[in-house]
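Observations on chain architecture
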Amino acid sequence: MWMTAMRISGAVGAGVIMVAMVAMPTAQQPAGRALTQEEMFRRNVGSREDQVTPFPPHRIVGNLYYVGTHSLSAFLVATPDGHILINTNWERAVEGLKTSVEALGFAFDDIEIILGSHAHGDHMEGDALVKEMTGARVMAMALDVPALRRMRPGDKPHPIDRELQDGDEVTLGGSTLVARLTPGHTKGCTTWTMTVSEDGESYDVAIIGSMGSNPGFQFVNNPDNPTIADEFREGFRVLQSLAPDVPLGSHPAMYGMAEKYERIGDGPNPFIDPDGYREELDPVEALFMQVLREQEAAAATERR
Ligand SMILES: [Zn+2]
């Protein structure tokens with residue numbers, strides 16, 4: 001969540017650390033110029049309006065659907081035994097989320113399980129309200145539970161019905177999602193993987209939890225989280241070990257959703273994009289490494 005990042009930024013007094021160069025261009029940016037930390041962050045979170053305005057809901061692949069906003073992803077896995085929702089997003093956007101689910105012909109009330117990308121309010125603040133509306137069970141990575149417990153919109157306690165560990169499976173109506181711990185952005189940041197079928201083929205899907213190194217993140221000598229840099233390295237290690245056919249992420253800009261949406265119906269499914277996974281991941285990792293090196297250099301200068 002950006003507000004947390006801004007607060008941290010103020011607290012450490014470091015301000016916004018701007019980073020100019022990373023190695024590789026992504027599909028979402030002009031070749032030859034990489035995004036700075038600030039630009040990458042802005043690309044992901046969009047405007048305040050983008051965060052709460054529903055994007056036209058659509059089928060992505062198999063029984064996986066997009067029901068999020070212009071800048072915050074929410075995914076619905078529709079099964080004959082009810083549905084799994086990944087990300088409830090801001091509580092004030094829940095009405096729009098419900099409208100998107102219903103526009104696809106599904107009943108909101110049939111949501112049985114609520115999962116999330118990571119314990120920041122832009123992705124998971126709506127959990128309590130959606131649970132109230134649907135009776136769904138909320139399942140979250142155990143390492144994110146302390147942060148979720150502090151997330152209390154309108155002073156509602158954050159519901160947690162099942163705590164997950166790395167590799168745990170969530171199954172409903174013949175669909176199975178696997179929770180992969182990809183820490184760094186938060187302690188329990190979760191990348192969801194699943195296999196879906198379409199036209200007799202099966203496809204591996206990965207929904208990246210986020211490896212964003214937001215402006216203000218302190219990787220060196222961070223008293224609140226001394227191991228944050230190691231957590232990021234572990235998150236990248238896990239993500240680099242995956243090779244999904246359908247790369248997705250907690251923000252739609254992480255997989256070029258708007259541009260792919262325009263191509264639905266002309267030719268092959270645009271969301272099947274194995275190359276797109278590394279085109280996103282590699283520059284995000286390079287940016288993290290660059291910021292880490294800058295912060296290490298700054299800390300070394302201070303020591304002298
Ligand atoms: Zn976040």
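This text gives an overview of the structure that appears in the document. (Residues numbered from 1 in each chain as written. Predicted model: local features only at pLDDT ≥ 70, side-chain atom pairs only at ≥ 80, totals over all residues.)

Our focus in this paragraph is the pairing of strand β4 (residues 82–86). In terms of burial, β4 is a largely internal element, four of the five residues being buried. Of the pairings in the sheet, the one linking strand β3 (residues 75–79) to β4 comprises five bridges and is antiparallel in character. Looking at the pairing, Leu76 lines up with Leu85 of β4. What sits between the antiparallel neighbours β3 and β4 is a turn of two residues. (Buried ≥ 20, exposed ≤ 12 C-beta atoms within 10 Å, placed from the backbone. Helix = DSSP H or I, 4+ residues; strand = E, 2+ residues; numbered from the N terminus. Pairing = 2+ DSSP bridges.)

In this section: helix α10 (residues 274–303). The end-to-end C-alpha separation of α10 is 45 Å, in line with the 44 Å expected for 30 residues at 1.5 Å each. Residues Gly276, Tyr277, Glu280, Leu281, Pro283, Val284, Glu285, Leu287, Phe288, Gln290, Val291 and Gln295 constitute the buried set of α10. Its buried side turned inward, α10 meets α2 (37–45), β11 (201–208), α8 (228–240) and β12 (246–249). (Expected span 1.5 Å × (residues − 1). Contact = placed C-beta atoms within 7 Å.)

Right, let's get into the sheet that holds β4. Strand order in the open sheet formed by seven strands is β1-β2-β3-β4-β5-β6-β7, with mixed pairing between adjacent strands. Edge strands, defined here as strands with exactly one partner in the open sheet, are β1 (58–61) and β7 (162–164). Taking each pair of neighbouring strands and ignoring which way they run, the sheet shows an average axis angle of 25 degrees. Relative to β7, strand β6 (residues 137–141) runs parallel, the two being bridged by three bridges. For Met141, the partnering residue across the bridge sits in β7 and is Leu164. (Axes fitted to C-alpha atoms, helices over the stretch in contact; angles between N-to-C directions.)

This part is about the nonpolar core. Residues Phe75, Leu115 and Val205 are the most contacted members of the largest nonpolar core, which totals 76 residues. Residue contributions to this core peak at six residues, all from α10. In this view, Phe75 contacts Leu64, Tyr65, Tyr66, Val67, Ile86, Asn87 and Ile207; residues no more than four positions away in its chain are not counted. (Core = buried A, V, L, I, M, F, W, Y, C linked by C-beta atoms within 7 Å.)

So, about unusual backbone geometry. The backbone phi angle of Asn89 is positive, close to 65 degrees, even though this residue is not glycine. Its place among the elements puts Asn89 in the loop between β4 and α4 (94–103). Of note, the phi angle at Asp155 is positive, near 65 degrees, even though the residue is not glycine. Judged by the 6 C-beta atoms lying within 10 Å of it, Asp155 falls in the exposed class.

If you check which residues of α2 are buried, you get Gln37, Met40, Phe41, Asn44 and Val45. Along the long axis of α2, the arc covered by the buried residues comes to 115 degrees, so they all point the same way. Just downstream of α2 lies Gly46, where phi reads positive at about 65 degrees. (Arc of directions from axis to C-beta.)

Below, the discussion takes up the environment of Val284. Following the sequence through the fold, Val284 ends up in helix α10. Note: C-alpha distance between Val284 and Phe236 (48 residues apart in sequence) is 9.3 Å. Every residue in contact with Val284, bar those within four places of it in the chain, is listed here: Met211 and Gly212.

Right, let's get into the environment of Pro153. Residue position: Pro153 is located in the loop between α7 (145–149) and β7. On the basis of neighbour counts, which here come to 16 C-beta atoms within 10 Å, the residue Pro153 falls in the partly exposed class. Apart from the residues within four sequence positions on either side, Pro153 is in contact with Glu91, Glu125 and Ala128.

The next thing to look at is the packing of α8 against α10. At their nearest, the axes of α8 and α10 sit 11 Å apart, and the two run at 160 degrees to each other. Taken together, α8 and α10 sit at an angle that is classed as roughly antiparallel. The interaxial crossing formed by α8 with α10 has left-handed handedness. Contact residues: α8 offers Ala229, Phe232, Phe236, Leu239 and Gln240, while α10 offers Leu281, Glu285, Phe288 and Leu292. Each residue belonging to the contact of α8 with α10 can be placed in one class, and the counts come to seven nonpolar, one polar and one charged. (Parallel < 35°, antiparallel > 145°, perpendicular 65-115°, else oblique. Left-handed = near helix turned anticlockwise from the far one by under 90°. Nonpolar A, V, L, I, M, F, W, Y, C, P; charged D, E, K, R; others polar.)

Moving on: the sheet that holds β12. Within the open sheet, the five strands sit side by side as β8-β9-β10-β11-β12. Their pairing is mixed. Unpaired on one side and paired on the other, β8 (169–172) and β12 mark the two borders of the sheet. Here the average twist between neighbouring strands, direction ignored, is 20 degrees. Pairing analysis gives five bridges linking strand β9 (residues 175–181) to strand β10 (residues 190–198), with the strands arranged antiparallel. When the bridges of β10 are listed, Ala179 appears paired with Trp192.

For the rest of this paragraph, the subject is the environment of Val138. Considering the arrangement of structural elements, one finds Val138 in strand β6. Considering only alpha carbons, one finds Val138 and Glu112, 26 residues apart in sequence, at a separation of 8.8 Å. The contacts of Val138, once residues within four sequence positions are left out, are Ile114, Asp127, Lys131, Pro159, Ile160 and Asp161.

Keep in mind these values describe shape, not function.
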